[in-house]
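Here are the chains, one letter per residue:
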Amino acid sequence: MRRPVEAGTAPAVPILALRDVSKTYRTVRGENIVALSQTSLAFEAGEFVAIVGPSGCGKTTLLNITAGLLRPSGGTILFRNAAIDGPTPEVGMVFQGPVLLPWRKVIENVLLPIEVLGLRPASRYRQRAADLIGMLGLAGFAERYPRELSGGMQQRVSIARALIYDSSVLLMDEPFAALDAMTREELNLELLRIWKMTGRTILFVTHNIPEAVLLSDRVVVMTPRPGKVSAVVPVPLPRPRSLALLGDPAFGAIASRIRGLLGPRSGPAA
Ligand code: ADP
Ligand code: MG
């Protein structure tokens, strides 16, 4: 029996959509490297999606294209159904390594997007920057320069900078990879709190399968280079989530499934 078509319920427009996106790099030696091949994905507003795949499969390329920082060789990126062809404040990014301005103090680095976008009032954002710095375990370092901080601390500054204003979409490229396990777990939970509070859409690249499952609503599994989507694994685990979930059989089953999809070459933590 066919269901009646409901009048007036147009299908929801995804906040972000990639349509047949591909990228071929040309090296200085004139070789073509196909980094990304025919990738199509759509993201609903408020979703948390993790992306896992072997090293070199084009995850960073995918995020850079989505952020409007890199032009695809083919395909389109749509933000609320309008093509993106350059960076937009609607889409924020945490890069794979900390990218801080060495001549600016920690708090000034965190406040950089506010200055660039001219957001007001300055006092509100200064307070927010101080709160984020504390939340990321950097209390007492606000007035220091990046060179006075360890690599992991610098990465936390770049995470604070990405959280200082609420872009609709946040792209995170292995943001916690350089951190020790305990800090990483704390920041996972903190990120879930911030995500819930702000309702933003997050695309989170990670090598860590348990991290992907703990955080996300869906995990996009990519193939080795040239990367494309090999599978999308739903994570129908209840929220709010805590670290206790790591021991849950349902959690283990999803993690094993993803590990199986990645294949034996990827190893337990890759
Ligand atoms: P991942 O983030 O999944 O490790 P990347 O997106 O960084 O992968 O890279 C995908 C592939 O494209 C890799 O083989 C990498 O060597 C290549 N690549 C990335 N950037 C460039 C570039 N600017 N020029 C040429 N090749 C590149
Ligand atoms: Mg990468």
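Residues numbered from 1 in each chain as written. Chains lettered and ligands numbered in written order. Predicted model: local features only at pLDDT ≥ 70, side-chain atom pairs only at ≥ 80, totals over all residues. Heavy atoms only, no water.

A. Molecular detail of the site of ligand 1. Neighbouring ligand 1 are Tyr-25, Ile-33, Ala-35, Pro-54, Ser-55, Gly-56, Cys-57, Gly-58, Lys-59, Thr-60, Thr-61 and Arg-225. Backbone polar atom of Gly-58 to an oxygen atom of ligand 1: 3.0 Å apart, as the coordinates give it. Bound to the protein, ligand 1 loses 66% of the 570 Å² it would expose on its own. Contributions of two or more residues to the shell around ligand 1 are made by strand 2 (32-43) and helix 1 (59-66). Here the shell around ligand 1 gets three residues from one element, more than from any other, and that element is helix 1. Of the residues that constitute the shell around ligand 1, the class distribution is five nonpolar, five polar and two charged. (Near = heavy atom within 4 Å. Polar contact = N/O pair within 3.5 Å; in protein donor to acceptor, adjacent residues only side chain to side chain. Areas by Shrake-Rupley, 256 points an atom, 1.4 Å probe, with all protein chains shown as cover. Helix = DSSP H or I, 4+ residues; strand = E, 2+ residues; numbered from the N terminus. Nonpolar A, V, L, I, M, F, W, Y, C, P; charged D, E, K, R; others polar.)

B. Examining the coordination of the magnesium ion (ligand 2) more closely. Distances from the magnesium ion (ligand 2) to its protein donors, Thr-60 (OG1) and Gln-96 (OE1), fall at 2.0 to 2.4 Å. Of this pair, Thr-60 sits in helix 1 while Gln-96 sits in the loop between strand 6 (91-94) and helix 2 (106-110), and the two are 36 residues apart along the sequence. (Donors = N, O, S within 2.8 Å, 3.2 Å for Na, K, Ca; no water.)

C. Main features of the confidence of the model for the protein chain. Per-residue confidence for the protein chain gives a mean pLDDT of 91, with 94% of residues at or over 70. Counting interchain partners and residues more than four positions distant, the pLDDT-below-50 stretch residues 1-6 has zero contacts. (pLDDT = per-residue confidence, 0-100. Contact = heavy atoms within 4.5 Å.)

D. Just the side chain of Arg-200, in detail. Considering the arrangement of structural elements, one finds Arg-200 in the loop between helix 6 (181-198) and strand 8 (201-205). Among buried charged residues, Arg-200 stands out as having no salt bridge; its nearest opposite-charge side chain is Asp-166, 4.3 Å away. Sequence-distant contacts of Arg-200, that is, excluding residues within four places in its chain, are made with Gly-46, Glu-47, Ala-162, Leu-163, Tyr-165, Asp-166, Ser-167, Ser-168, Leu-170 and Trp-195. (Buried < 20%, exposed > 50% of the residue type's maximum accessible area, 1.4 Å probe, protein only. Lys, Arg positive; Asp, Glu negative; His and termini not counted. Salt bridge = Lys/Arg side-chain N within 4 Å of Asp/Glu carboxyl O.)

E. Examining the nonpolar core more closely. Judged by nonpolar contacts, the single largest core of 36 residues is most densely connected at Phe-48, Val-110, Ile-164, Met-172, Leu-191, Ile-202 and Phe-204. Those elements that provide at least two residues to this core are helix 2, helix 4 (122-135), helix 5 (151-163), strand 7 (169-173), helix 6 and strand 8. With residues near it in sequence (within four places) discarded, Met-172 still touches Leu-63, Val-94, Ile-159, Leu-191, Ile-202, Leu-203, Phe-204 and Val-205. In this structure, Val-21, Leu-36, Ala-67 and Ile-77 belong to the second largest nonpolar core, which totals 25 residues. (Core = buried A, V, L, I, M, F, W, Y, C linked by side-chain atoms within 4.5 Å.)

F. Main features of unusual backbone geometry. Residues Arg-120 and Pro-121 are joined by a peptide bond in cis, for which omega reads -5 degrees. With omega at -5 degrees, the peptide bond leading from Arg-239 into Pro-240 counts as cis. By secondary structure assignment, the location of Pro-240 is in the loop between strand 10 (229-234) and helix 8 (249-262). If you check the backbone angles, Asp-20 has positive phi at about 50 degrees while not being a glycine. Relative to the assigned elements, Asp-20 resides in strand 1 (residues 16-26). Residue Asp-20 is classed as partly exposed on the basis of its relative accessible area of 43%. Phi at Arg-80 is positive, roughly 45 degrees, even though this residue is not glycine. By the element assignment, Arg-80 lies in the loop between strand 4 (74-79) and strand 5 (82-83).

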